[in-house]
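Structure at a glance
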Amino acid sequence: EADIYQTPRYLVIGTGKKITLECSQTMGHDKMYWYQQDPGMELHLIHYSYGVNSTEKGDLSSESTVSRIRTEHFPLTLESARPSHTSQYLCASSNRGSNEKLFFGSGTQLSVL
Amino acid sequence: EDQVTQSPEALRLQEGESSSLNCSYTVSGLRGLFWYRQDPGKGPEFLFTLYSAGEEKEKERLKATLTKKESFLHITAPKPEDSATYLCAVPNSGYALNFGKGTSLLVTP
């Protein structure tokens, strides 16, 4: 059973608000990822981290930012939410040398009005 | 560019009616092909990793196979609880998994 947690599960917020999506894992995994998924579409990588103080942008351009100050914590922040940010955000982690087997959280469904 | 294409997009089966899902990939130097199951409103759940052509893995009613260009997920005598979206993914050149759009499977009683 994967121990990776995302909060909140659902978030409805107005345009222009700052939001932070939380992701924590208790498995001691070095690598962490944020994927974005729209209904019926594939998962797109928007951020990843190989360890503390390491963050990189993924394939899909995103206005969000991430930080990795502690191994277990990988929050995603949107400074000013817009309706185009409405999507499901999935956090994942994997161990070094695991050939990229990812463990996913349950996701945050974000709706920006 | 690494690509993963899944077919069909959607599949409806009667309980007990076996079928197969397809995942074709174009990637240089395959470092594994991954199958995940995703239920509505949840994150993907790992099923299998296949590394070399000819390899097969099984879990309950599911069996995954791999050739040099594609992978199949065979579902034998499915049950309604097998209804989900099945995702295929391959590691990209750098750092993470590239996912296909998935096959949405519905098994009716």
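Description of the structure in this document. Residue numbers here run from 1 along each chain, matching the order of that chain's written sequence. To read the labels, note that chains go from A and ligands from 1, taken in the order they are written. At least 70 in pLDDT is required for a residue's local features to be given in this predicted model, at least 80 for side-chain atom pairs to be given and counted, and no such filter applies to totals for whole chains, interfaces and linings, which use all residues. Note that water and hydrogens are dropped before the side-chain values are worked out from all heavy atoms of the structure.

**Some points on the overall build of chain B**
In plain terms, the rule: Helix numbers and strand numbers start at the N terminus; a helix is a DSSP run of H or I with at least 4 residues, a strand a run of E with at least 2. For this measure, only C-alpha atoms enter the radius of gyration; the expected value for a globule follows 2.2 Å times N^0.38, where N is the number of residues. Any pair of residues with heavy atoms lying within 4.5 Å of one another is described as a contacting pair. Each accessible area is a Shrake-Rupley result for a 1.4 Å probe, and residues are judged covered by the shown protein chains and nothing else. Two residue types count as positive, namely Lys and Arg, and two as negative, namely Asp and Glu; His and chain ends fall outside the count. To locate a charge, take NZ of a lysine, CZ of an arginine, CG of an aspartate or CD of a glutamate.
Check the secondary structure of chain B and you find zero helices and 11 strands. The N-to-C order of helical and strand elements in chain B reads β-β-β-β-β-β-β-β-β-β-β. Taken over the C-alpha trace, chain B has a radius of gyration of 13 Å; the compact-globule value for 109 residues is 13 Å, and the two agree within 12%. Here the C-alpha coordinates of chain B stretch approximately 45 × 30 × 20 Å along the principal axes. Of the contacts formed within chain B by residues at least 6 apart in sequence, a portion of 53% connects residues at least 24 apart. Counting every atom, chain B has about 5,300 Å² of accessible surface; 47% of that belongs to carbon and sulfur. Distance from the positive charge centre (12 side chains) to the negative charge centre (14 side chains) of chain B: 2 Å.

**Things to note about the environment of A:Ile4**
All names here are of chain A. With respect to the helices and strands, the residue Ile 4 is situated in strand β1 (residues 4–7). A sequence separation of 19 residues divides Ile 4 from Cys 23, and the C-alpha atoms of the two residues are 7.1 Å apart. Among residues more than four places away in sequence, those in contact with Ile 4 are Cys 23, Ser 24, Gln 25, Met 27, Cys 91, Ala 92, Ser 93, Phe 103, Phe 104 and Gly 105.

**Comments concerning the pattern of salt bridges**
Basically, it comes down to this: Salt bridge, as applied in this entry: a Lys or Arg side-chain nitrogen positioned within 4 Å of an Asp or Glu carboxyl oxygen. We call a residue buried when its accessible area falls under 20% of the maximum for its residue type, exposed when it is over 50%, and partly exposed in between, using a 1.4 Å probe and counting protein chains only.
Within this structure, the stated rule accounts for seven salt bridges over all chains. Measuring nitrogen to oxygen at the nearest pair gives 3.9 Å for the salt bridge that ties A:Lys18 to A:Glu79. Taken together, the positions of A:Lys18 in the loop between β2 (10–13) and β3 (19–25) and A:Glu79 in the loop between β8 (76–78) and β9 (87–94) put the pair 61 residues apart, joining distant regions of the chain. Here B:Arg37 and B:Asp39 are joined by a salt bridge, their closest N and O atoms 3.0 Å apart. The class of B:Asp39 is partly exposed, set by a relative accessible area of 22%.

**Thoughts on the sheet that holds β1(A)**
Through backbone hydrogen bonds, the strands of a sheet pair up, either in parallel or in antiparallel fashion. Residues and elements named next belong to chain A. Let me state the cut-off plainly: Here the rule is simple: two strands pair whenever DSSP picks up at least two bridges between them.
Strand order across the open sheet formed by four strands is β1-β3-β8-β7, with antiparallel pairing between neighbours. Each having just a single partner strand, β1 and β7 (65–66) make up the two edges of the open sheet. Looking at chain direction, β3 and β8 are connected through three bridges and run antiparallel. Its bridge partner being in β8, Leu 21 is matched across the sheet by Leu 76.

**Things to note about the side chain of A:Ser93**
Residues and elements named next belong to chain A. The condition that has to hold: Within 3.5 Å is the distance limit for a polar contact, defined as a pair of N or O atoms, with the added protein rule that one can donate a hydrogen and the other accept it, and that residues adjacent in sequence qualify only through two side-chain atoms.
For Ser 93, the location among the structural elements is in strand β9. Polar contacts involving the side chain of Ser 93 include one to the side chain of His 29, which spans 2.8 Å. Beyond its immediate stretch of four places on either side in the chain, Ser 93 contacts Ile 4, Gln 25, Met 27, His 29, Lys 31, Met 32, Tyr 33, Lys 101, Leu 102 and Phe 103.

**Remarks on the interface of chain A and chain B**
The criterion, for reference: Two parts placed together each lose some accessible area under a 1.4 Å probe, and adding up what both lose gives the buried area. Side-chain classes follow a simple rule in which Ala, Val, Leu, Ile, Met, Phe, Trp, Tyr, Cys and Pro form the nonpolar group, Asp, Glu, Lys and Arg form the charged group, and the remainder, Gly included, forms the polar group.
Between chain A and chain B, the contact holds 21 residues from the first and 21 residues from the second. Here chain A meets chain B over a buried area of about 1,700 Å², counting both sides, of which 53% is carbon and sulfur. Across the chain A-chain B interface, the total number found is zero salt bridges. Between chain A and chain B we count five residue pairs in polar contact (both at pLDDT 80 or more) in total. For the side of chain A that touches chain B, the secondary-structure elements that each account for two or more residues are β4 (31–37), β5 (44–51) and β9 of chain A. Broken down by class, the residue content of the side of chain A that touches chain B amounts to 10 nonpolar, six polar and five charged.

**Re unusual backbone geometry**
A cis geometry characterises the amide bond from A:Thr7 onward to A:Pro8, with omega recorded as -10°. Note that A:Pro8 resides in the loop between β1 and β2. The linkage connecting B:Ser7 with the following residue, B:Pro8, adopts the cis geometry, with an omega of -10°. As for its position among the elements, B:Pro8 is in the loop between β1 (3–7) and β2 (10–14). Not every positive phi belongs to a glycine, and A:Asn53 is a case in point at roughly 65°. Mapped onto the elements of the fold, A:Asn53 is located in the loop between β5 and β6 (54–57). One non-glycine residue, B:Glu60, lies in positive phi territory at about 55°. Relative to the helices and strands, B:Glu60 resides in the loop between β6 (56–59) and β7 (62–66). The exposure class assigned to B:Glu60 is exposed, which follows from its relative accessible area of 70%.

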